[in-house]
Amino acid sequence: MKQFILPLFFWCLFGLNSLGAQCAPQMLNCNTPVAGCDFSTNHADFWHEIYWWDPLISSHDMPEVSADLNLMVRDTCLSGLTVRYLLFLDLDSDGTQETVVDSDNLPAPGTVNFNNASTPNYLGGTPREFDNRPLPGDLLWRFALQTVVTGDSTEFRVRWSNAVAPDMFEMPLLAYGQHKVRWMVSNSAGETVVCEKTFVLKDCKPPVVVCLNGLSVNIMPTQLITLWATDFLQYAEDNVTPTQLIHYGIRKAGTGTGFPLDDAGNPLVSVTYACSELGVQTVELWARDATGNADFCETFVIVQDNNLNCNKVGDFLEVCISTACDEPVEEVVIKFVTPDFVPYFDLGPCGSLPVPLPPDIEVVIEPELDDFFLAGVSAYDLVLIQKHIDGIDPFNTPYQWIAADANNDKVIDTTDILECRKLILGIYNELPNNKSWRFVDAAYTFPSPDPLSAPFPETITATTGNPPANNPAFIGVKICDLSCGSLVGFYENMPEDQHAIGEIQPNPAHENESGWIPVSLLADETVFWELRDVSGRLLYQATANYPAGPALLEIPAPFLMPSGLYIWQVRIGEKVKSGKWMR
């Protein structure tokens, strides 16, 4: 601990013990807040290693900002004082300050001792680099304590310096987060006072968003035109958030304030104009970074009716889609096979979709959703197909037959099991002879006992009217998913800004049945997973590299006892998840 000869004049205000009324040093800025707003560009040479991770921007390069941490002391008499600081840092964004920099025992140049907050005297932890510049060790920054005396006052500063120029100091660049600094000042009698400040370092600069200089569009036959936020975007950039993580929103000018959100808190990403809004319309295009800073630009669209669609009388047709599991289907596209002038329409959750169309015409409607083949598919679905083939537990709905017919040959056999297994193992990204989803006319009656013995209708012909002659309704079936995992499983609730780890399936498992753990990666990563018994004995361990996207981790049945309780664990970068598995 460095020693300084300072007059004593502030202990009465902040002392843990009385230091004597005749000589009381004053802490002049203990209650002064620390400025924590960052408007600068991220520095790639600091806090940038594989073990650092910022979940907001999905990056191993943590953003940082200069932090002016200091304590000003005024003296009225001379005494021997010692000063020490403890800098508590939250470097893994979990809300806990797990790392401590101690001015009495400073870490090596260019490093902090990560996760040493709970070790005796903060002497433990793992050395991690914060200064990644390609320089010799004696030029790397190291935490230091600077002292500046001015008259009867002394300022103590948390700073960086290096071994080549130890008397030259720089303000430290600290990673974003909620941190604190604790100052401890002791006199020659051994009495100590403490000043502690909690401070938050964060990004305060909104993105730069530049609009295109106007658009010109025509009303569609539906007597509407929908435009998306990205239709008006020239470019956007931010000082910290990567371009691909910037969120966009749009609204008609003058219809609200702040970043445009719907009632559920999701960004409004489109505006729709009707025949009553022909002419020049002004819009606000917004951009929001990962921290929530937002800004906008204004532009315009000229809404025209060159095809005279606004002179046509339209009727409405309602379309509804649910699933065999009685759940809504997301992201379905409604395709109008005829007439060909009617565009595609997005259909969200199951419900009514009003589509203004010319009156008294026939339209052929076909839903489409041919993506996310693996979503909801697990080893348990393969077990259900096998039980049906063996006659142990036959299917009880025709939609299970459709889901199980992976190769689309109208026969349920072990070939279908092999096709679904290839999805799980990553051999297939999509089924070669089938779609991800099939949609059946909800009014269709399947033949018995074999629902696949005749083609089932996947389109509906409807006649427009006011009211319409019939309202089309479809049942959606996810191929290879017999247990409704695509709707209630892991991928549907996957976080958008981090690697995700699901729960082991099936649980409990039968004898000789492997376990499968779904994961989804933001980028190429090395994945570690293992299985132990309740005593901690390692039974199985594996490591593999996976590309960005979903994957399934297998714990093979041969490594397990016939029955019992097991503990599984998966690690992806800094993210770790464990759980129990019963067999």
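Here's a quick rundown of the structure. None of the values given here were measured: they were computed from a predicted structure.

A short note on the overall build of the chain
No. 1: Broken down by element type, the chain carries 5 helices and 38 strands.
No. 2: Relative to its full complement of 583 residues, the chain shows a buried share of 47%.
No. 3: The long-range share in the chain, meaning contacts at least 24 apart out of those at least 6 apart in sequence, stands at 63%.
No. 4: Accessible surface, the chain as shown: approximately 27,400 Å² in total, 52% of it carbon and sulfur.

Some points on the nonpolar core
No. 1: Ranked by internal contacts, the top residues of the largest apolar core, which has 41 residues, are Leu87, Phe143 and Trp183.
No. 2: Taken together, the elements giving at least two residues each to this core come down to strand 5 (70-74), strand 6 (79-89), strand 8 (111-114), strand 10 (142-150), strand 11 (153-161), strand 12 (173-175), strand 13 (177-186) and strand 14 (192-203).
No. 3: The element best represented in this core is strand 6, accounting for 5 residues.
No. 4: If sequence neighbours within four positions are ignored, Leu87 has contacts with Leu69, Thr99, Val100, Val101, Phe143, Val158, Leu174, Lys180, Val181 and Phe199.
No. 5: Grouped together as the second largest cluster of nonpolar side chains are 32 residues, Phe373, Val377, Ala406 and Cys420 included.

Focus on the packing of aromatic side chains
No. 1: A complete count under the given rule lists 19 aromatic pairs for this structure.
No. 2: The interplanar angle of 65 degrees and the centroid separation of 5.6 Å between the aromatic rings of Tyr85 and Trp183 together place this pair among those described as edge-to-face. Placement of the pair is Tyr85 in strand 6 and Trp183 in strand 13, with a sequence separation of 98 residues. As far as the burial class goes, Tyr85 and Trp183 line up, both buried.
No. 3: The ring of Phe88 carries Lys180 above its face, with NZ or CZ at 4.8 Å from the centroid.
No. 4: Note that Arg288 overlies the ring of Phe259, its terminal NZ or CZ placed 4.4 Å from the centroid.

Some details on the pattern of salt bridges
No. 1: Applying the stated criterion across every chain yields a total of 12 salt bridges.
No. 2: Here Asp102 makes a salt bridge to Arg84, at a shortest N to O gap of 2.7 Å. Note that Asp102 is positioned in strand 7 (residues 99-102) and Arg84 in strand 6, a separation of 18 residues in sequence. Arg84 carries the same exposure label as Asp102, and that label is buried.

Looking at the sheet that holds strand 11
No. 1: With antiparallel pairing, 4 strands are arranged side by side in an open sheet as 2-5-11-10. Single-partner strands in this sheet number two, and they are strand 2 (26-27) and strand 10.
No. 2: For strand 2 and strand 5, the ladder comprises 2 bridges, and the chain directions are antiparallel. Bridge pairing in strand 5 places Gln26 opposite Arg74.

Things to note about the state of the cysteines
No. 1: Enumeration according to the criterion identifies 5 disulfides in this entry.
No. 2: Paired by a disulfide, Cys420 and Cys480 hold their sulfur atoms 2.0 Å apart. Handedness here is read from the sign of the S-S torsion; for Cys420 and Cys480, about -85 degrees, the answer is left-handed. Linking Cys420 in helix 4 (residues 414-424) with Cys480 in the loop between strand 31 (473-478) and helix 5 (485-488), this pair joins segments that are 60 residues apart in sequence.
No. 3: Judged by its relative accessible area of 0%, Cys480 falls in the buried class.

So, the sheet that holds strand 35 (residues 538-546)
No. 1: Spatial ordering of the open sheet is given by 35-34-37-38, a layout of 4 strands whose pairing is antiparallel. Every interior strand has two partners, whereas the edge strands, strand 35 and strand 38 (575-582), have only one. Averaged over all neighbouring strand pairs, the angle between strand axes comes to 15 degrees, with direction disregarded.

Things to note about the side chain of Gln400
No. 1: When you line up the elements, Gln400 lands in helix 3 (residues 398-404).
No. 2: The buried category is assigned to Gln400, whose relative accessible area is 18%.
No. 3: Polar side-chain contacts of Gln400 include one of 2.8 Å to the backbone nitrogen of Asn396.
No. 4: In contact with Gln400, not counting residues within four places along its chain, are Phe395 and Leu482.

Cut-offs applied
Residues numbered from 1 in each chain as written. Predicted model: local features only at pLDDT ≥ 70, side-chain atom pairs only at ≥ 80, totals over all residues. Heavy atoms only, no water. Helix = DSSP H or I, 4+ residues; strand = E, 2+ residues; numbered from the N terminus. Buried < 20%, exposed > 50% of the residue type's maximum accessible area, 1.4 Å probe, protein only. Contact = heavy atoms within 4.5 Å. Areas by Shrake-Rupley, 256 points an atom, 1.4 Å probe, with all protein chains shown as cover. Core = buried A, V, L, I, M, F, W, Y, C linked by side-chain atoms within 4.5 Å. Phe/Tyr/Trp six-rings, centres within 6.5 Å; stacked < 30°, edge-to-face > 60°. Lys NZ or Arg CZ within 6 Å of the ring centre and 35° of its normal. Salt bridge = Lys/Arg side-chain N within 4 Å of Asp/Glu carboxyl O. Pairing = 2+ DSSP bridges. Disulfide = S-S within 2.5 Å. Axes fitted to C-alpha atoms, helices over the stretch in contact; angles between N-to-C directions. Polar contact = N/O pair within 3.5 Å; in protein donor to acceptor, adjacent residues only side chain to side chain.

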